[in-house]
Amino acid sequence: RQMCIRDRNCNLRCDYCFVEGKNAFHSMTPEIARKAIDFLFAESRDKKDLAIFFMGGEPFLKFDLMRMVVEYAERLAEEQDKKLEFSVTTNGTLFTEESLAFCAEHGVKFLLSLDGDRETHDLHRKTVSGKGSFDRIMRWLPRMKHYQPWMGARMTVHPDTVQNILHNVQFLIDQGINYFIIGPAS
């Protein structure tokens, strides 16, 4: 059984984002998150392996909610003799040493939204102020790899960047990315 915990808010304004209404007060409350986890455990019945995915927008905008969900689900898993797997898809711009350590301690695996080199990535993945987000991500990449040596990237390919896909995959391999999910902008 799997469950996705999703909050639509985001600190970036990627022009191809599939999430509409970013920062429009579509936030998940702790009460709703607990009910969602309760539902997952109740409906999983005799299933022993459960997975919880955090998605956004940007999940690390609500790191306190993520922490609460992980700790709450871990308590239920221990009580019910179940195994949990956690993962998060993140734009990688809001990590802190605390959040990285928490993810490592609790086995929360992260997938990084990263489209390639600076020029390719910054073409579409911009901050609210319109600046590229590449440098903010790359600043944290060595620390991310310290806590999670396996590093995956969710690359979005746009019609104006598809001609550089080979270069961008090789660039990310050179940065230590060793798993790829490549999808078209839609």
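Figured I'd write up the structure that's included with this text. Every value quoted in this text rests on a predicted model; they were computed, and no experiment measured them.

What follows deals with the overall build of the protein chain. For the protein chain, the helix and strand inventory stands at six helices and six strands. Of the regular secondary structure in the protein chain, the N- to C-terminal order runs β-α-β-α-β-α-β-α-α-β-α-β. A compact globule built from 186 residues should have a C-alpha radius of gyration of about 16 Å, and the protein chain, at 17 Å, falls within 12% of that. Across the 186 residues in the protein chain, those meeting the buried criterion constitute 46%. By sequence separation, contacts in the protein chain at least 24 residues apart represent 71% of the contacts at least 6 residues apart. Accessible surface, the protein chain as shown: approximately 9,800 Å² in total, 54% of it carbon and sulfur. Taken together, the 25 basic and 26 acidic charged side chains of the protein chain have centroids lying 2 Å from each other.

Right, let's talk about the packing of aromatic side chains for a bit. Applying the stated rule across the entire model yields six aromatic pairs. Between Phe60 and Phe63 the ring centres are 6.1 Å apart and the planes differ by 20°, which places this aromatic pair in the stacked class. Note on Phe60: relative accessible area 6%, which makes it buried. Here Phe134 and Phe171 contribute two aromatic rings whose centre-to-centre distance is 6.1 Å and whose plane-to-plane angle is 40°, an arrangement assigned as tilted. Placement of Phe134 in helix α5 (residues 134–147) and of Phe171 in helix α6 (residues 165–174) is noted, with a sequence separation of 37 residues between them. Of the aromatic side chains, those joined through ring pairs into one cluster are Phe60, Phe63, Phe95, Phe102 and Phe110. The ring of Phe102 carries Arg67 above its face, with NZ or CZ at 5.2 Å from the centroid.

Our focus in this paragraph is empty space enclosed by the protein. This model, assessed by the stated rule, comprises two cavities of 30 Å³ or more. By volume, the second largest cavity amounts to about 40 Å³. In terms of lining residues, the second largest cavity is bounded by Asp115, Thr120, Met155, Thr156, Val157, Thr161, Asn164, Ile165 and Asn168. Those elements giving two or more residues to the lining of the second largest cavity turn out to be β5 (152–157) and α6. Top element by residues in the lining of the second largest cavity is β5. It accounts for three residues. Residues of the lining of the second largest cavity, tallied by class, amount to three nonpolar, five polar and one charged.

Turning next to the pattern of salt bridges. Where charged atoms of side chains with opposite charge meet at close range, the side chains can pair. For the structure shown, the criterion picks out five salt bridges. Between Arg67 and Glu98 there is a salt bridge, with the nearest N and O atoms lying 2.4 Å from each other. One end of the pair, Arg67, is in helix α2 (residues 63–80); the other, Glu98, is in helix α3 (residues 97–106), with 31 residues separating them in the sequence. On the basis of relative accessibility, which here comes to 49%, the residue Glu98 falls in the partly exposed class.

What counts, and at which threshold
- Residues numbered from 1 in each chain as written.
- Predicted model: local features only at pLDDT ≥ 70, side-chain atom pairs only at ≥ 80, totals over all residues.
- Heavy atoms only, no water.
- Helix = DSSP H or I, 4+ residues; strand = E, 2+ residues; numbered from the N terminus.
- Rg over C-alpha atoms; globule rule 2.2 N^0.38 Å.
- Buried < 20%, exposed > 50% of the residue type's maximum accessible area, 1.4 Å probe, protein only.
- Contact = heavy atoms within 4.5 Å.
- Areas by Shrake-Rupley, 256 points an atom, 1.4 Å probe, with all protein chains shown as cover.
- Lys, Arg positive; Asp, Glu negative; His and termini not counted.
- Charge placed at Lys NZ, Arg CZ, Asp CG, Glu CD.
- Phe/Tyr/Trp six-rings, centres within 6.5 Å; stacked < 30°, edge-to-face > 60°.
- Lys NZ or Arg CZ within 6 Å of the ring centre and 35° of its normal.
- 1 Å grid on protein atoms, 1.4 Å probe; cavity = no way out; pocket = protein on both sides within 12 Å on 5 of 7 lines; lining within 4 Å.
- Points joined across faces, edges and corners; volume = space filled by probe spheres on them.
- Nonpolar A, V, L, I, M, F, W, Y, C, P; charged D, E, K, R; others polar.
- Salt bridge = Lys/Arg side-chain N within 4 Å of Asp/Glu carboxyl O.

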